Amino acid sequence: MEKVQGIGGLFFRAKDPTALAQWYETHLGINPAPTNMEMKPWVAGEGVTVFAPFDQTTDYFPADRTFMLNFRVGNLDAMLAQLRATDIEIANEQKMEGLGRFARIHDPEGNPIELWEPA
């Protein structure tokens, strides 16, 4: 059976797509989607990608959101320091034995983002 090789993109609606793309580039280092041949797309580092549908009653992320982004990071402490320096609120810092460390932020449109430093 042929299988997919990874996530090729994540597409979602935004009130201000240009401003939101700029926020992701500025704070998380994710290049905006290319609109011409000179622009470079974001290339994710090789590693685990978890694909996990959650029960509709989960309280793991806000009930008014149908998804939560999870990004792997190499150094959670450095990432959180960088985000705090720009007054981005950090929540739910935790360590899960065998899995790694996690922290939660939200983008300007309220989408939940989990940052994960794998064990």
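Just above, that's the structure.
Criteria and thresholds
Residues numbered from 1 in each chain as written. Predicted model: local features only at pLDDT ≥ 70, side-chain atom pairs only at ≥ 80, totals over all residues. Heavy atoms only, no water. Helix = DSSP H or I, 4+ residues; strand = E, 2+ residues; numbered from the N terminus. Buried < 20%, exposed > 50% of the residue type's maximum accessible area, 1.4 Å probe, protein only. Contact = heavy atoms within 4.5 Å. Areas by Shrake-Rupley, 256 points an atom, 1.4 Å probe, with all protein chains shown as cover. Lys, Arg positive; Asp, Glu negative; His and termini not counted. Charge placed at Lys NZ, Arg CZ, Asp CG, Glu CD. Pairing = 2+ DSSP bridges. Arc of directions from axis to C-beta. Polar contact = N/O pair within 3.5 Å; in protein donor to acceptor, adjacent residues only side chain to side chain. Phe/Tyr/Trp six-rings, centres within 6.5 Å; stacked < 30°, edge-to-face > 60°. Lys NZ or Arg CZ within 6 Å of the ring centre and 35° of its normal.

Trainee: Explanation requested: the overall build of the protein in the structure shown.
Mentor: The helix and strand tally for the protein stands at two helices and four strands. Counted from the first residue to the last, the protein has its helices and strands arranged as α-β-α-β-β-β. In the protein, buried positions account for 26% of the 119 residues. Excluding contacts between residues fewer than 6 apart, the proportion of contacts in the protein whose partners are at least 24 apart in sequence is 53%. Surface summary for the protein: the accessible area is close to 9,100 Å², and the carbon and sulfur share equals 54%. Averaging the positions of the 10 positive and the 17 negative side-chain charges in the protein gives two centres separated by 2 Å.

Trainee: What is the right way to read the pairing of strand β2 (residues 91-96) from this model?
Mentor: Two faces make up the sheet, and in a regular strand the side chains alternate between them. Where β2 lies against strand β3 (residues 100-106), four bridges are found, and the strand directions are antiparallel. Residue pairing for β3: Ala-91 is matched across the bridge by Arg-104. Hairpin connection, β2 to β3: the antiparallel pair is bridged by three residues, and Gly-98 has positive phi, about 85°.

Trainee: Hey, could you run me through helix α2 (residues 76-84) in this one?
Mentor: Given 3.6 residues to a turn, an α-helix orients residues that are three or four positions apart in the same direction. Listed in full, the buried residues belonging to α2 are Leu-76, Met-79, Leu-80 and Leu-83. Down the axis of α2, the smallest arc covering the buried residues is 95°, so these residues share one side. Two to three positions downstream of the cap, the backbone nitrogen of Asp-77 sits 3.2 Å from a side-chain oxygen, assigning the N-cap of α2 to Asn-75.

Trainee: Looking at this model, I keep getting lost on the packing of aromatic side chains. Mind explaining?
Mentor: Aromatic ring pairs are reported here in terms of the distance separating the ring centres and the angle at which the planes meet. All chains considered together, the criterion is met by six aromatic pairs. Residues Phe-54 and Tyr-60 carry aromatic rings whose centres are separated by 5.6 Å and whose planes lie at 15° to one another, so their mutual orientation is stacked. Phe-54 gets classed as partly exposed once you look at its relative accessible area, which sits at 41%. With centroids separated by 6.1 Å and ring planes inclined at 5°, the aromatic side chains of Phe-102 and Trp-116 adopt a geometry described as stacked. One end of the pair, Phe-102, is in strand β3; the other, Trp-116, is in strand β4 (residues 112-118), with 14 residues separating them in the sequence. Each member of the aromatic cluster is reached from another via a ring pair, and the members are Phe-54, Tyr-60 and Phe-61. Against the face of Tyr-60 rests Arg-104, its NZ or CZ located 5.0 Å from the ring centre.

All quantities given are derived from atomic positions and should not be read as evidence of function.
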